[in-house]
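Residues per chain, in single letters:
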Amino acid sequence: MTKTPDMTKAFQDMMAAFPVDASAFQNAFKTQAAFGEKFSKVAIEAAEKSTEITAKWTKDTLAKLGDMAKAKADPADYTKSVTDYASAAAEMAAENLAAFAEVAKKVQMETVELMLAAGKEVSEDATAVVKKATNEVTTAAKKAAASAAK
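Residues numbered from 1 in each chain as written. Predicted model: local features only at pLDDT ≥ 70, side-chain atom pairs only at ≥ 80, totals over all residues. Heavy atoms only, no water.

Asks: Break down the layout of surface pockets for me, citing the residues and quoting the values.
Replies: Space inside the second largest pocket adds up to approximately 160 Å³. Around the second largest pocket, the lining residues are Val42, Glu45, Ala46, Lys49, Ile53, Ala99, Glu102, Val103, Lys106, Val107 and Glu110. Breaking the lining of the second largest pocket down by element, the ones donating at least two residues are α2 (22-69) and α3 (75-149). In terms of residue count, the dominant contributor to the lining of the second largest pocket is α3 (six residues). (1 Å grid on protein atoms, 1.4 Å probe; cavity = no way out; pocket = protein on both sides within 12 Å on 5 of 7 lines; lining within 4 Å. Points joined across faces, edges and corners; volume = space filled by probe spheres on them. Helix = DSSP H or I, 4+ residues; strand = E, 2+ residues; numbered from the N terminus.)

This is the structure in structure tokens:
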């Protein structure tokens, strides 16, 4: 009665009776890493496409500015040149903003698809882990009950 009970041993015995499957954590990490890679791919592709659009827009704008900056024989030609540039710039802006909108729309669609797939896969993984844990706990409880009955 004066002896202190060894709680460490009891705790170790209890933990051994209910094993934890580390592979579930490893699989969850692998799944998360795979989705991270897919999301990164979507973001990088969007950045590449946006950069291409911006570079083309800049190149076209500089070409139009070059045309406008050429020397003209008649002063009225300068007015026409500025008017043509303004018209072309407005048209380029509309085209390029539409191209940016398409990139954003594609990113949004791909992201939603990935999120749905991630939710489905996480749900399936969680169900599998719970089933496995339930089976292991049931087995451990049966063993404990059998040894207690002896």
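Asks: Can you break down the pattern of salt bridges residue by residue, with the values?
Replies: Counted according to the given criterion, the structure contains five salt bridges. Glu45 is the partner of Lys41 in a salt bridge, and the nearest nitrogen-oxygen pair spans 4.0 Å. With Lys41 and Glu45 both in helix α2 and four residues apart, this pair spans about one turn of that helix. Looking at Lys41, the relative accessible area reads 54%, which means it is exposed. When its relative accessible area of 31% is taken as the criterion, Glu45 is described as partly exposed. For the salt bridge of Lys56 with Asp60, the shortest nitrogen-to-oxygen distance reads 2.9 Å. A residue pair is termed a helical-turn pair when its members lie 3 or 4 positions apart in one helix, as Lys56 and Asp60 do in helix α2 at four residues. The class of Asp60 is partly exposed, set by a relative accessible area of 26%. (Salt bridge = Lys/Arg side-chain N within 4 Å of Asp/Glu carboxyl O. Buried < 20%, exposed > 50% of the residue type's maximum accessible area, 1.4 Å probe, protein only.)

Asks: I'd like a description of the packing of aromatic side chains, backed by residues and values.
Replies: Taken as a whole and judged by the stated rule, the model has one aromatic pair. Ring centres of Trp57 and Phe100 lie 6.5 Å apart, and the angle between their planes is 50°; on these two criteria the pair is classed as tilted. With a gap of 43 residues between them, Trp57 in helix α2 and Phe100 in helix α3 connect regions that are remote in the sequence. Among the residues examined, Phe100 registers a relative accessible area of 25% and is labelled partly exposed. One residue, Lys38, lies across the ring of Phe35, its end atom 5.2 Å from the ring centre. (Phe/Tyr/Trp six-rings, centres within 6.5 Å; stacked < 30°, edge-to-face > 60°. Lys NZ or Arg CZ within 6 Å of the ring centre and 35° of its normal.)

Such coordinate-based values are descriptive only and should not be taken to indicate function.
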